[in-house]
Amino acid sequence: VVDVCALDRDFKLFPFGDKTLVGERGVSLSGGQKARITLARALYREADVYLLDDPLSAVDASVAKHIFQKCIVEYLKDKARVLVTHQIQFLRDAHKILVLKEGKCIAFGSYEELKAKGINFLSFVTDTKDKKNTTIDKTDTNTAFRHMNRSVSISPSIASSIGGHSDDPIDEIKAMDVLAEDEPKVKEETKEIGSISGGVYCEYIKAGAGPILMTVTLVSMVVSQCLYQGSDYWLTQWTNELDKPGGHVNQNMNVLIYSCLIGALFLTALARSTSFFVMCMRSSVNLHNRIFYSLLRALC
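What counts and what doesn't
- Residues numbered from 1 in each chain as written.
- Predicted model: local features only at pLDDT ≥ 70, side-chain atom pairs only at ≥ 80, totals over all residues.
- Heavy atoms only, no water.
- Helix = DSSP H or I, 4+ residues; strand = E, 2+ residues; numbered from the N terminus.
- Expected span 1.5 Å × (residues − 1).
- Buried < 20%, exposed > 50% of the residue type's maximum accessible area, 1.4 Å probe, protein only.
- Core = buried A, V, L, I, M, F, W, Y, C linked by side-chain atoms within 4.5 Å.
- Contact = heavy atoms within 4.5 Å.
- UniProt positions renumbered as here; feature names shortened; annotations may be inferred.
- Salt bridge = Lys/Arg side-chain N within 4 Å of Asp/Glu carboxyl O.
- Pairing = 2+ DSSP bridges.
- Right-handed = clockwise from strand over helix to strand, strands pointing away.
- Disulfide = S-S within 2.5 Å.

1. Side note on helix 10 (residues 211-243)
Compared with an ideal rise of 1.5 Å per residue, which puts 33 residues at 48 Å, helix 10 spans 48 Å between its outermost C-alpha atoms and is within 8% of the ideal. Where helix 10 is concerned, the buried positions are Leu213, Thr217, Ser220, Ser224, Leu227, Ser231 and Trp238.

As structure tokens, then:
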């Protein structure tokens, strides 16, 4: 499986070979490596049917040819294979070809049958798809290795005690301990719990709000909350008056007062949001400039 998926060179260059930790969702791998490792995992399942969603698009031409011939054609010859691809150079070896365009079936049959019908495969591959699916992965392995840890070198004495038989069993134990330390380890997640002091909030507010802006923000917050509670209270009183038997309610007056409360609530909420946003933006800019200039002075 490693050979037909063209992973030999990658495993040799990985710091820990096939035991290398590649991170969450293979974050340290390139696109071609992800495609080939995913294909290898699928082959390990020994399934009867393989649905391959264009595994050749993320690799270069030579690797794509190797995977198609060695893996799809030869290794999976006894399996049912459905290959979705834009690589039309491999169509000649397909048993049956289904040509799709915008989700609709254009033609179906063998390569010779479709050629006899005058089907032009190149016309179905647009320039956009060519650019997207023929990305050359020349730095397929080198770019990914920049994100990985460097391999640990072992001294000749340790290597000899590992590779051969040492007369001293303690040396062998030490050598095995060194190898165990060199194995990749998953770092434990860390979590910190704490609180922010009130002085930090005060400094943040001072950096972005002067006396006027601070007053506008606080007043708009208080007034908008009062209007919100007042509109609910007025609506409750209005509903209770309607429920009273024989009670007379001035609907026009109630509608007018409730509309005024809602309108005032909208204006104060808008003023509150705007003033708070301006204060936060000014705080961020001022604090950033303050830290930047202090670092600049320290460097100079």
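2. Regarding the nonpolar core
Within the largest apolar cluster, 18 residues are counted, with the highest numbers of intra-cluster contacts made by Cys5, Leu39, Leu43, Leu56, Ile67 and Cys71. When residues of this core are traced back to their parent elements, those giving at least two are helix 2 (31-44), strand 1 (49-53) and helix 3 (61-75). Ranked by the residues each element gives to this core, the list is headed by helix 3, at six residues. Discounting residues that sit within four places of it in the chain, Cys5 has contacts with Arg36, Leu39, Ala40, Leu43 and Ile67.

3. Examining the environment of Tyr204
Summarising the element assignment, Tyr204 is placed in helix 9 (residues 198-208). Residue class for Tyr204 comes out partly exposed when judged on its relative accessible area of 30%. The sequence separation of Tyr204 and Ser284 amounts to 80 residues, and the corresponding C-alpha distance is 8.2 Å. Excluding residues that lie within four positions of it along the chain, Tyr204 makes contacts with Cys280, Ser283, Ser284 and Leu287.

4. Quick word on the UniProt feature "domain: ABC transporter" (unreviewed entry) in the protein chain
Listed under "domain: ABC transporter" (unreviewed entry) in the UniProt record, and renumbered for this structure, are residues 18-56. Split by type, residues 18-56 is 36% helix and 13% strand. Its first and last C-alpha atoms lie 22 Å apart.

5. A few points about the pattern of salt bridges
Counted under the stated rule, the structure contains two salt bridges. Two residues, Asp10 and Arg36, come together in a salt bridge whose shortest N-O distance is 2.7 Å. Placement of the pair is Asp10 in helix 1 (residues 8-13) and Arg36 in helix 2, with a sequence separation of 26 residues. Residue Asp10 shares its accessibility class with Arg36, and that shared class is buried. Note that Glu46 is salt-bridged to Lys79, the shortest N-O span being 3.9 Å. Linking Glu46 in the loop between helix 2 and strand 1 with Lys79 in the loop between helix 3 and strand 2 (80-84), this pair joins segments that are 33 residues apart in sequence.

6. Comments concerning the pairing of strand 2
Sheet topology note: the strand 1/strand 2 ladder contains five bridges and is parallel. From the neighbouring strand, Val49 faces strand 2, where its bridge partner is Ala80. Taking the sense of rotation as the criterion, the β-α-β connection linking strand 1, helix 3 and strand 2 turns out right-handed.

7. A word on the state of the cysteines
Applying the stated rule across the entire model yields zero disulfides. The thiol sulfur of Cys5 is not disulfide-bonded, and the nearest other cysteine sulfur, from Cys71, lies at 4.7 Å.

8. Thoughts on unusual backbone geometry
The phi angle of most residues is negative, glycine excepted, and most peptide bonds adopt the trans form. The phi dihedral of Ala6 is positive, around 55°, even though this residue is not glycine. Relative to the helices and strands, Ala6 resides in the segment before helix 1. Positive phi, normally seen in glycine, also occurs at Glu102, with a value near 55°. Looking at the element boundaries, Glu102 is found in the loop between strand 3 (97-101) and strand 4 (104-109). For Glu102, a relative accessible area of 76% gives the class exposed.

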